[in-house]
2 protein chains.
Amino acid sequence: MSASSASESPCRLQVALGSRSYPIHIGPGLLGDPQWLTPHLAGRQVMIVTNETVAPLYLERCRAALSEDLEVRELVLPDGEATKSLEQVSRIWDALLEAGFNRRCTLVALGGGVIGDMVGFAAACYQRGVAFVQVPTTLLAQVDSSVGGKTGVNHPLGKNMIGAFWQPRAVLVDTDTLATLPERELSAGLAEVIKYGLIRDAGFLAWLETAIPSLRALDATSLTQAIERSCAIKADIVAADETEQGVRALLNLGHTFGHAIEAHQGYGAWLHGEAVGAGMAMAAEFSARLGWLSMADVERVREIIAAAGLPLAAPAGMTVDDFLARMRLDKKNVDSRLRLVLLHALGDACIHDDAPPESLAAFLEDYPRQA
Amino acid sequence: MSASSASESPCRLQVALGSRSYPIHIGPGLLGDPQWLTPHLAGRQVMIVTNETVAPLYLERCRAALSEDLEVRELVLPDGEATKSLEQVSRIWDALLEAGFNRRCTLVALGGGVIGDMVGFAAACYQRGVAFVQVPTTLLAQVDSSVGGKTGVNHPLGKNMIGAFWQPRAVLVDTDTLATLPERELSAGLAEVIKYGLIRDAGFLAWLETAIPSLRALDATSLTQAIERSCAIKADIVAADETEQGVRALLNLGHTFGHAIEAHQGYGAWLHGEAVGAGMAMAAEFSARLGWLSMADVERVREIIAAAGLPLAAPAGMTVDDFLARMRLDKKNVDSRLRLVLLHALGDACIHDDAPPESLAAFLEDYPRQA
């Protein structure tokens, strides 16, 4: 990582997807400034969708950036992963139809990953597809869910089971919004930041090992650097494989174990990033069992996850069968084979299709549970 | 139209959409023959989705074409346009998840347009997109809804308001299935066949003027010719404009008035094709008011629509405001302007954005209502 500061003027990345390419702007003060949102509106009709937590903090500022001659509506949904449902997305569709919004409307997703995923899915399916802009207000959404076009909702039988690939017109990351983010959610976002280092960039991982404290202290320069590098890695991978036929699956490091934990605990009990934190520790340890990582590597992984304030152990009482039943529903699986993302080395992830079921079961049996 | 018979061996058309291209096979006896369905399966998991009317007629035959070593499930939904809802699509998602189906599964839509639209939408959004094959069993679905990738459901505030563009892997048109189609639904299908002549092919329209009686009598050779020509015109237009940015909107001739009629009467009261029949008669008459069609042209349009067994008059009691309120929600509209598909000449449709609201209102006031 260079030490140059990107926090003074916004930095711009591009997700290269041909006619669906779009920019990511990162920096402070973007939210209230019309120059960032206005160029990405498809027409006069704009609906800002946010949640009850974010609305009092940032809705006014977002709305102020929209010119008076636009037809602007607002919709405030409840907060939390448990609300990421078809029912809430239907509320967005109802509101759009009641407002008489047509195919040239634009949705603005103002909030964390849940809002981004639901608004993106609502945009993907409203009148078979309308424009939307991501304005992520959590670190997790800023470095992960707002970039790449994965949208959708949960189902009682699995996370993100209903959804679409639908790219935003732009992603606007205003780093000022992290000032109001609860510490636990900041940690959850760091899980995905660490993930980018683990799968693709050992240098970034080494930088993070020293930068975690300043990131947790909300140092603006460090945050912008971490977000920029994370988005750049994600944008590269998404550009290479938009619909997850291959390399994009690497972004799921820690997610197969993590999704099983989230689903088993009930969505929202563990934050997504917390489950991914523990899931990455599990993936590292299973990689060591396969002889790919040294125990020193595993220890580095465990230390940075712990330093970020994330759990390492699996939930108390979660059995091997609890894990395997959920993991069998994972979208990465092909026919009935379990597919895992593991680590060949720190900074080098791989997809593994042929873990012997008995060794996976033995590993899950041995892995520590929370007290 | 050439007189060559395509009814003896299946004919094959191709919808040219790059990596999403797919074949349409048309002919008798396709349903029970493994060679047509098998090559289009993405993996071992297959779910046939049909409705209560079609299941007793064709489900067994469809299933018989699938090899014993596949994992085949069946789902039978209720019948009718009124069931084309998010609730029924959710039943498909529930069934897929309960069966543990993954991203490599294939859905088979066995039925009319409602089944095809719902199964296509379910496929578009299950795990962000899985394969599906259209096996249309009504004339309407065979010549229209199964080709082109428009999928979706109705909303109380508008038809097809929630959906996606999602292309099937193949369309299998078994003309034998028309033997069990109620006469009223055959007429409804003919509305779309007539539409292709009106928008694009005056020669086909002239052929239809003599062929309507043999089509209504289920003459196999005439049916195959009519389906083939209809699908060829649709495939051409879809290939030129997959997501309806331009020319594809021409396929909506009669649909703006027709959708307003369907929505006002309550979905299912008028069949879609019946509403399109009256809608095309309205579009022709409004085109004549603009000076584009002669009264003799309008009379030809009215005669062929009536010969097909379709209504010409608008519903009794449907007011100008009833029409305009529904038409304002049409997906073709841009910002607040009404967009209509009209006829410059028979065989030459055009998109019209600037009909003066008062002349449209006067036309709607004057247009005949059913007794």
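Parameters and conventions
- All residue numbers here refer to positions counted from 1 along the written sequence of the relevant chain.
- Note on labels: chains are lettered from A, ligands numbered from 1, in written order.
- Residues qualify for local features only when their pLDDT is at least 70, as the model is predicted, and side-chain atom pairs are given and counted only at 80 or more; totals for whole chains, interfaces and linings, by contrast, use all residues.
- As a convention, hydrogens and water are excluded, and side-chain values are obtained from all of the structure's heavy atoms.
- UniProt positions are given in the numbering used here, feature names are shortened, and annotations may be inferred rather than shown by experiment.
- Each helix is a run of H or I in the DSSP string that is no shorter than four residues. Each strand is a run of E no shorter than two, and both are numbered from the N terminus.
- Superposing copies: least-squares fit, C-alpha atoms only, residues required to have pLDDT of at least 70 in both.
- Residue contacts follow a heavy-atom distance rule, with two residues in contact if any of their heavy atoms lie within 4.5 Å.
- Throughout, buried area stands for the accessible area (probe radius 1.4 Å) lost by two parts on being put together, summed over both.
- Put simply, a salt bridge is a Lys or Arg side-chain nitrogen that is within 4 Å of an Asp or Glu carboxyl oxygen.
- Within 3.5 Å is the distance limit for a polar contact, defined as a pair of N or O atoms, with the added protein rule that one can donate a hydrogen and the other accept it, and that residues adjacent in sequence qualify only through two side-chain atoms.
- Three classes are used: nonpolar for Ala, Val, Leu, Ile, Met, Phe, Trp, Tyr, Cys and Pro, charged for Asp, Glu, Lys and Arg, and polar for all others, with Gly counted as polar.
- Note on pairing: DSSP must find at least two bridges between two strands before they are called paired.
- The angle between two axes is taken between their N-to-C directions and runs from 0 to 180 degrees, where each axis is a line fitted to C-alpha atoms and a helix contributes only its stretch in contact.
- In this entry, domain limits derive from an automatic or database-based domain assignment.
- Every helix has an expected span of 1.5 Å times one less than the residues it contains.
- Working definition: with a 1.4 Å probe on protein chains only, accessible area under 20% of the residue-type maximum means buried, over 50% means exposed, and in between means partly exposed.
- An angle counts as roughly parallel when it lies under 35 degrees, as roughly antiparallel when it exceeds 145, as roughly perpendicular when it falls between 65 and 115, and as oblique in every other case.
- A right-handed crossover is one whose linking path, passing over the helix from the first strand to the second, runs clockwise when the strands point away from the viewer.

In the annotation of an unreviewed UniProt entry, chain A is listed under the name 3-dehydroquinate synthase and assigned to Billgrantia gudaonensis. The record in UniProt for chain A states the following under Subcellular location (unreviewed entry): "Cytoplasm".

**Q** How should I be thinking about the UniProt feature "domain: 3-dehydroquinate synthase N-terminal" (unreviewed entry) in chain A in this particular structure?
**A** The positions UniProt marks with the feature "domain: 3-dehydroquinate synthase N-terminal" (unreviewed entry) are residues 75-187 of chain A. Summarising residues 75-187 of chain A: 34% helix, 30% strand, and an end-to-end C-alpha distance of 28 Å.

**Q** Help me understand the relation of the copies chain B and chain A in this model?
**A** Least-squares fitting of chain B to chain A yields an RMSD of 0.0 Å, with the superposition described by an axial translation of 0.0 Å and a rotation of 180 degrees. Here the copies are linked by what is in effect a two-fold axis. Looking at the interface residues of chain B, 100% of them are also at the interface in chain A, so both copies use one shared face.

**Q** Help me understand the interface of chain B and chain A in this model?
**A** Where interface size is quoted, it is often the accessible area lost as the parts come together. Taken residue by residue, the interface counts 34 residues in chain B and 35 residues in chain A. Taken together, both faces of the contact between chain B and chain A bury some 3,400 Å²; the carbon and sulfur share is 56%. At the boundary of chain B with chain A, the tally comes to two salt bridges. Two residues, R103 of chain B and E244 of chain A, come together in a salt bridge whose shortest N-O distance is 3.7 Å. Linking chain B to chain A there are eight residue pairs in polar contact (both at pLDDT 80 or more). Elements represented by at least two residues in the side of chain B that touches chain A include exactly α3 (86-98), α4 (113-125), β7 (150-155) and β8 (158-165) of chain B. Of the residues that constitute the side of chain B that touches chain A, the class distribution is 14 nonpolar, ten polar and ten charged.

**Q** Sorry if this is basic, but what is going on with the sheet that holds strand β2 (residues 22-27) of chain B here?
**A** Strand pairing in a sheet relies on backbone hydrogen bonds, with the paired strands running either antiparallel or parallel. Residues and elements named next belong to chain B. One open sheet accounts for seven strands, arranged β1-β2-β9-β6-β5-β3-β4; its pairing is mixed. Only two strands of the sheet have a single partner each, and these edge strands are β1 (11-15) and β4 (71-77). For this sheet, the mean angle separating the axes of adjacent strands, direction not counted, is 15 degrees. Contacts from helix α8 (residues 220-240) reach β1, β2 and β9 (170-174) within the one sheet, and its direction differs from that of β1 by about 15 degrees.

**Q** Looking at this structure, I do not really get the domain arrangement of chain A. What am I missing?
**A** Residue and element names in this part refer to chain A. Taken domain by domain, chain A consists of domain 1 (11-180) and domain 2 (183-366). Computed from C-alpha coordinates alone, the two centres of domain 1 and domain 2 are separated by 25 Å. At the junction of the two partners, domain 1 supplies 36 residues and domain 2 supplies 34 residues. Surface buried jointly by domain 1 and domain 2 totals about 2,900 Å² across both partners, of which 67% is contributed by carbon and sulfur atoms. Counting the surface domain 1 buries against domain 2, the share from its top three residues, L139, V143 and K159, is 22%. Where domain 1 touches domain 2, the interface holds four salt bridges.

**Q** Could you clarify how one ought to interpret the sheet that holds strand β1 (residues 11-15) of chain A in this entry?
**A** Residue and element names in this part refer to chain A. Read across the open sheet, the seven strands follow the order β1-β2-β9-β6-β5-β3-β4; overall the sheet is mixed. Unpaired on one side and paired on the other, β1 and β4 (71-77) mark the two borders of the sheet. Strand-to-strand twist in this sheet, taken as the mean axis angle between neighbours without regard to direction, amounts to 15 degrees. Examined bridge by bridge, β1 and strand β2 (residues 22-27) share five bridges and lie antiparallel to one another. Bridged to C11 within β2 is I26. Helix α2 (residues 55-64) rests against β3 (45-51), β4 and β5 (106-111) of the sheet, and its axis sits at about 165 degrees to β3. Sitting on the sheet, helix α3 (residues 86-98) is in contact with β3, β4 and β5, with an inclination near 155 degrees to β4.

**Q** Would you mind showing me how to read helix α10 (residues 272-289) of chain B here?
**A** Three- or four-residue spacings in an α-helix give side chains the same orientation, since the helix completes a turn every 3.6 residues. Residues and elements named next belong to chain B. With 18 residues, α10 should cover 26 Å at 1.5 Å per step; its first-to-last C-alpha distance of 25 Å lies within 8% of that length. The element α10 is largely enclosed, with a buried count of 16 among its 18 residues. Immediately beyond the C-terminal end of α10, within one or two residues, lies G291, with a positive phi of roughly 90 degrees.

**Q** Any chance you could explain the pairing of strand β7 (residues 150-155) of chain A here in plain terms?
**A** Both faces of the sheet carry side chains from a regular strand, because those side chains alternate between them. Residue and element names in this part refer to chain A. Of all the six residues making up β7, six are buried; the element is thus mostly covered by neighbouring parts of the structure. Pairing analysis gives five bridges linking β7 to strand β8 (residues 158-165), with the strands arranged antiparallel. Counterpart to T151 in the pairing with β8 is A164. Connecting β7 to the antiparallel partner β8 that follows it, the hairpin turn spans two residues.

**Q** Which parts of the structure should I look at to understand the packing of α10 of chain B against helix α11 (residues 295-307) of chain B?
**A** Angle between the axes and distance between the axes are the two parameters that describe a pair of packed helices. Residues and elements named next belong to chain B. Between α10 and α11, the least distance of the axes is 9 Å, while the angle of their chain directions is 175 degrees. Taken together, the axes of α10 and α11 lie roughly antiparallel to each other. Contact residues: G277, M280, A281, A284, E285 and A288 in α10; M295, V298, V301, R302 and I305 in α11. Each residue belonging to the contact of α10 with α11 can be placed in one class, and the counts come to eight nonpolar, one polar and two charged.

**Q** What should I look at first to understand the pairing of strand β3 (residues 45-51) of chain B in this one?
**A** Residues and elements named next belong to chain B. For β3, the buried fraction is high: seven of the seven residues fall into the buried class. Residue alternation in β3 divides its side chains into two sets, Q45, M47, V49 and N51 and V46, I48 and T50, and both sets are buried. Across seven bridges, the pairing between β3 and β4 is parallel. Each bridged residue has a counterpart across the sheet, and for V46 the counterpart in β4 is V72. The parallel pair β3 and β4 is bridged by helix α2 (residues 55-64), and the resulting crossover is right-handed.

**Q** Can you walk me through the environment of L186 of chain A in this structure?
**A** All names here are of chain A. One can find L186 in helix α6 (residues 183-200). Its relative accessible area of 4% is what places L186 among the buried residues. Considered as a pair, L186 and T138 are 48 residues apart in the sequence and their alpha carbons are 7.4 Å apart. Not counting chain neighbours up to four residues away, the residues in contact with L186 comprise L139, L181, L215, R216 and L218.

**Q** Honestly, α3 of chain B in this entry has me stumped. Any pointers?
**A** Residues and elements named next belong to chain B. Taking 1.5 Å of rise per residue, the 13 residues of α3 would be expected to cover 18 Å, and the 18 Å separating its terminal C-alpha atoms lies within 8% of that figure. Turning to α3, its buried residues are L86, Q88, V89, S90, I92, W93, A95, L96 and L97. Just downstream of α3, G100 is the residue with a positive phi angle, here 70 degrees.

**Q** I'm lost on the pattern of salt bridges in this one. Help?
**A** When the charged atoms of two side chains with opposite charge come close together, those side chains can pair. Residues and elements named next belong to chain A. Applying the stated rule across the entire model yields 36 salt bridges over all chains. Residues R216 and E183 are paired through a salt bridge, measuring 3.4 Å at the closest nitrogen-oxygen approach. Within this pair, whereas R216 is found in helix α7 (residues 202-216), its partner E183 is found in helix α6, the two being separated by 33 residues in sequence. The exposure class of E183 is exposed, given its relative accessible area of 55%.

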